[in-house]
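# Structural overview
Residue strings, one per chain:
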Amino acid sequence: MPELPAVSRRLLLGGALATGAAAAGAGAVYAAPAAGAAGAEAPLPVHTPPRRRGQRSMIDVPFEVHETVRVGLIGLGNRGSGMAEGWAAVPGCRVTAVCDIRAGRATSVANRLAALGKPRPAEYGGSVDAYAQMVKRDDIDLVYIATPWEFHHRQGKAALEAGKHAIVELPVATELDELWDLVDTSERTRRHLMLSENCSYGRNELAMLKMAHDGLFGDVTNGHGGYLHDLRELLFSDTYYTDSWRRLWHTRSTASFYPMHGLAPIAAAMDINRGDRMTVLRATATEPKGLADYRERFIDRSHPSWKETYVNGDLVTCLIDTAMGRVVRAEHDVSSPRPYSRINSLAGSRGIFEDYAGTSATGGRIYVEPDHSGHSWRDFDSYRKEFDHWLWRKIGDDAANNGGHGGMDYVLQWRTVQLMRAGLVPDIDVYDSAAWCAPVPLSVKSLAAGGRPVAYPDFTRGSWVNLRMGLDSRESAMPPVA
């Protein structure tokens, strides 16, 4: 049975507005500013393909019930191999096949799982299309994809067309036509494709979501998120990113490659695709200085990177408007010396939360009325305890023991398996996945036009006006393992 949404303050506060939007029809809430309007510049248009005959939305479509979720893994580099044990540790989940173009990696992961007492998965590898053979297996329900970005679209689509659900690392695709293709393929095959957005399951992020939906910030007006991570040493490593794939993206395009870790939690708190939607994006970029400077100081002249020219700006900022008048600032910077941050800030008419800024154990700080006054930040600790998401209350200890990134990897894996075993609606669907990844191609288009605004596609094709549950899920149990 699909999950029944709890009656939350969000529904009470937002229901009338969303119902009015639905009655008016998609597009009635937001109108792009006319060219020549004072202070406004008409957004560059983007194409929205019509839904094909016989194709139906995947919104609120539950998974079929699986007694055991059988997972096939594609891509066994640092990320994929690191996630393998987490999948195998989730109750009712079994890794049945593993695949990497380097066959030795598949053998290594299979050996490691067998050494842990898990059933040994089948191995695929040694060729660029080995994954296409693996996804045809009858003993796979879910395909997890952790390959370089350029392969995500074709591998995700292959999984869907083979009748499997897919969970894909960031981004699910890098081009607008690829994002639309994944939406259409999901609708046509009736299989779910989800962004493997572990940060959406972060403890602070989920507490922030609950606080927003309970009205603690009043009317939410703006948010700030992104991915600020000094990757210079890893980008120039000869072993960390296979064939230097991630560094090479900085030679190809000026784009916000990877803002989703911070953007997705802000979008969820704002009910994007669930009563609001992103409508316009405009991007700016600094000069590309960081990688060349690092190379000059630390990389030997014999290294192949000296043949490369870096074109992507160090800091790429996307300013995104929503239909309900909110503003999101999403940033990406992996080329500058700085401490790690996903920013994770949300503000409204009654207060603000900022992550990666406080001195408390949570790393967050908060200021909300009427609790606070005097223009002084307060620690987030007591608020996170009060608004702790049920997933962290239920499996927080298991997450700490079985998953990376502070446990949120395992929370993502456990929840995905639970949804599939219980036959529930996914927290993150193909429309969320496409919307959260759209800043990659949209920033390219905006930057190429000198920062001009670009219209944001509506991947739901009008269904965004309807409030529905997502990451703010109702508590439910993992079905018992037979």
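As a convention, each chain's residues are numbered from 1 in the sequence order in which they are written. Side-chain atom pairs in this predicted model are given and counted only at pLDDT of 80 or more, local residue features only at pLDDT of at least 70, and totals for whole chains, interfaces and linings cover all residues. Side-chain numbers come from the whole structure's heavy atoms, not from hydrogens or water.

### Description of the overall build of the chain
In plain terms, the rule: Put simply, DSSP H or I for four residues or longer makes a helix, DSSP E for two residues or longer makes a strand, and each gets a number counted from the N terminus. We call two residues in contact when some of their heavy atoms are within 4.5 Å. Areas reported as accessible are Shrake-Rupley estimates using a 1.4 Å probe. Residue values count occlusion only from the protein chains shown. In summary, the charge assignment counts Lys and Arg as positive and Asp and Glu as negative, without counting His or the chain termini. For charged residues, the charge sits on one atom: NZ in Lys, CZ in Arg, CG in Asp, CD in Glu.
From N to C terminus, the chain includes 16 helices and 15 strands. Based on the C-alpha atoms only, the size of the chain along its principal axes is roughly 60 × 60 × 55 Å. For the chain, the share of sequence-separated contacts (at least 6 apart) that also reach a separation of at least 24 residues comes to 76%. Total accessible area on the chain stands at roughly 19300 Å², and carbon and sulfur atoms take up 51% of it. When the 54 positive and 57 negative side-chain charges of the chain are each reduced to one mean point, those points stand 3 Å apart.

### Remarks on empty space enclosed by the protein
Definition in use: With a 1 Å grid laid over protein atoms only, a set of points is called a cavity when a 1.4 Å probe fits there but cannot get out and a pocket when it is open yet has protein on both sides within 12 Å along at least five of seven lines; lining residues have an atom within 4 Å of a point. Grid points are joined across faces, edges and corners, and a volume is the space filled by probe spheres set on the points. Residues are grouped as follows: Ala, Val, Leu, Ile, Met, Phe, Trp, Tyr, Cys and Pro are nonpolar; Asp, Glu, Lys and Arg are charged; all remaining types, including Gly, are polar.
Throughout the structure, instances matching the rule amount to four cavities of 30 Å³ or more. Residue lining of the largest cavity: 13 residues in total, with A268, I272, R274, G470 and L471 positioned closest to the centre. Elements with a minimum of two residues in the lining of the largest cavity: α7 (203-213), α10 (260-269) and α15 (430-437). Across the lining of the largest cavity, the residue classes tally to six nonpolar, two polar and five charged. Of the volumes computed, that of the second largest cavity is approximately 50 Å³. Around the second largest cavity sit I167, M194, L195, Y201, L412, T416, L419, P426, D427 and I428, which together line it. At the level of secondary structure, the elements contributing two or more residues to the lining of the second largest cavity comprise β6 (193-195) and α14 (408-422). Looking at the lining of the second largest cavity element by element, the count peaks at three residues for α14.

### What to know about the packing of aromatic side chains
The following threshold applies: Planes of paired rings set the category: under 30 degrees apart is stacked, over 60 is edge-to-face and the rest tilted, where pairs are Phe, Tyr or Trp rings (Trp by its six-membered ring) whose centres lie within 6.5 Å. Burial classes: relative accessible area under 20% of the type maximum marks a residue as buried, over 50% as exposed, and values in between as partly exposed (1.4 Å probe, protein chains only).
Under the criterion given, the structure shown has 16 aromatic pairs. When the centroid spacing of 4.8 Å and the interplanar angle of 70 degrees are considered together, the rings of Y227 and Y258 count as edge-to-face. With Y227 in strand β7 (residues 220-228) and Y258 in the loop between α9 (245-249) and α10, the pair connects residues that are 31 residues apart, well separated along the chain. A single burial state applies to Y227 and to Y258, both of which are buried.

### What to know about the side chain of E331
Formally: We define a polar contact as two N or O atoms separated by no more than 3.5 Å, with the added condition that, inside protein, one atom must be a possible hydrogen donor and the other a possible acceptor, whereas residues neighbouring each other in sequence contribute only through side-chain atom pairs.
Its place among the elements puts E331 in strand β10 (residues 327-333). A relative accessible area of 12% places E331 in the buried class. Polar side-chain contacts of E331 include one of 3.4 Å to the side chain of R329. In this view, E331 contacts H224, G225, G226, Y227, L228, P259, L315, V316, T317 and I343; residues no more than four positions away in its chain are not counted.

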